[in-house]
Amino acid sequence: MNTAMKVQDISIEIIIKEKIQYAESNLNSEESEDYMYMIQGEIAAYHEILEDIRDHSVKKFVKKYIKIVNKTHNNIENNINLNENRVAWMSGYNNAIVDVLKLIHPSYEFGV
């Protein structure tokens, strides 16, 4: 990110790209296997979100991603055919989506 730019010029797209860069830089750390899967889930979600923010209205975007968050949360809670690595990946994926939804409106953290 250009550190000379004004804060008001930072878009959601720039924030997401920074999150991807940061997450990718942590992929090779000496953390646990679960942590690596969680980071991979985050990166996957951020890439998907980057595609959608260009095309979707706020309403369509929020509807799509709240549905994904609810489904992912349900799958994790009910442990539907999931091993630990898949749960870690889905948790990272879900957390990344919630982080972006909260940028749009804080209430989306709670699936409103």
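Rules of the game
- Residues numbered from 1 in each chain as written.
- Predicted model: local features only at pLDDT ≥ 70, side-chain atom pairs only at ≥ 80, totals over all residues.
- Heavy atoms only, no water.
- Salt bridge = Lys/Arg side-chain N within 4 Å of Asp/Glu carboxyl O.
- Helix = DSSP H or I, 4+ residues; strand = E, 2+ residues; numbered from the N terminus.
- Buried < 20%, exposed > 50% of the residue type's maximum accessible area, 1.4 Å probe, protein only.
- Core = buried A, V, L, I, M, F, W, Y, C linked by side-chain atoms within 4.5 Å.
- Contact = heavy atoms within 4.5 Å.
- Expected span 1.5 Å × (residues − 1).
- Arc of directions from axis to C-beta.

### What to know about the pattern of salt bridges
Close approach of charged atoms lets side chains of opposite charge pair.
Part 1 of the reasoning: Taken as a whole, this structure holds six salt bridges when the rule is applied.
Part 2 of the reasoning: For Asp52, the salt bridge goes to Lys64, with nearest N and O atoms at 2.6 Å. Of this pair, Asp52 sits in helix H2 (residues 33–55) while Lys64 sits in helix H3 (residues 58–78), placing them 12 residues apart in sequence.
Part 3 of the reasoning: Overall, the relative accessible area of 8% leaves Asp52 in the buried class.
Part 4 of the reasoning: Here Lys64 falls in the partly exposed class, since its relative accessible area comes to 28%.

### Description of the nonpolar core
Part 1 of the reasoning: Among the nonpolar cores identified, the biggest contains 19 residues, and Ile16, Ile49, Phe61, Tyr65, Ile97 and Leu101 are the most heavily contacted of them.
Part 2 of the reasoning: Of all the elements in the fold, those that place two or more residues in this core are helix H1 (12–26), H2, H3 and helix H4 (84–104).
Part 3 of the reasoning: Excluding residues that lie within four positions of it along the chain, Leu101 makes contacts with Phe61, Val62, Tyr65, Ile66, Val69 and Tyr108.

### Looking at the environment of Ile68
Part 1 of the reasoning: Structurally, Ile68 can be placed in helix H3.
Part 2 of the reasoning: For Ile68, a relative accessible area of 19% gives the class buried.
Part 3 of the reasoning: Separated by 42 residues in the primary sequence, Ile68 and Asn26 have C-alpha atoms spaced 25 Å apart.
Part 4 of the reasoning: With near-sequence residues (within four places) excluded, Ile68 lies in contact with Glu48, Tyr93, Asn94 and Ile97.

### Considering H1
Part 1 of the reasoning: For H1, built from 15 residues, the straight-helix expectation of 21 Å at 1.5 Å per residue is met to within 8% by its first-to-last C-alpha distance of 21 Å.
Part 2 of the reasoning: All of the buried residues in H1 are Ile16, Ile20, Ala23 and Asn26. In an axial view of H1, the angular spread of the buried residues amounts to 125°, which keeps them on one side of the axis. Exposed and facing more than 90 degrees away from the buried side of H1 are Gln21, Tyr22 and Ser25.
Part 3 of the reasoning: Packed against the buried residues of H1 are H2 and H4.

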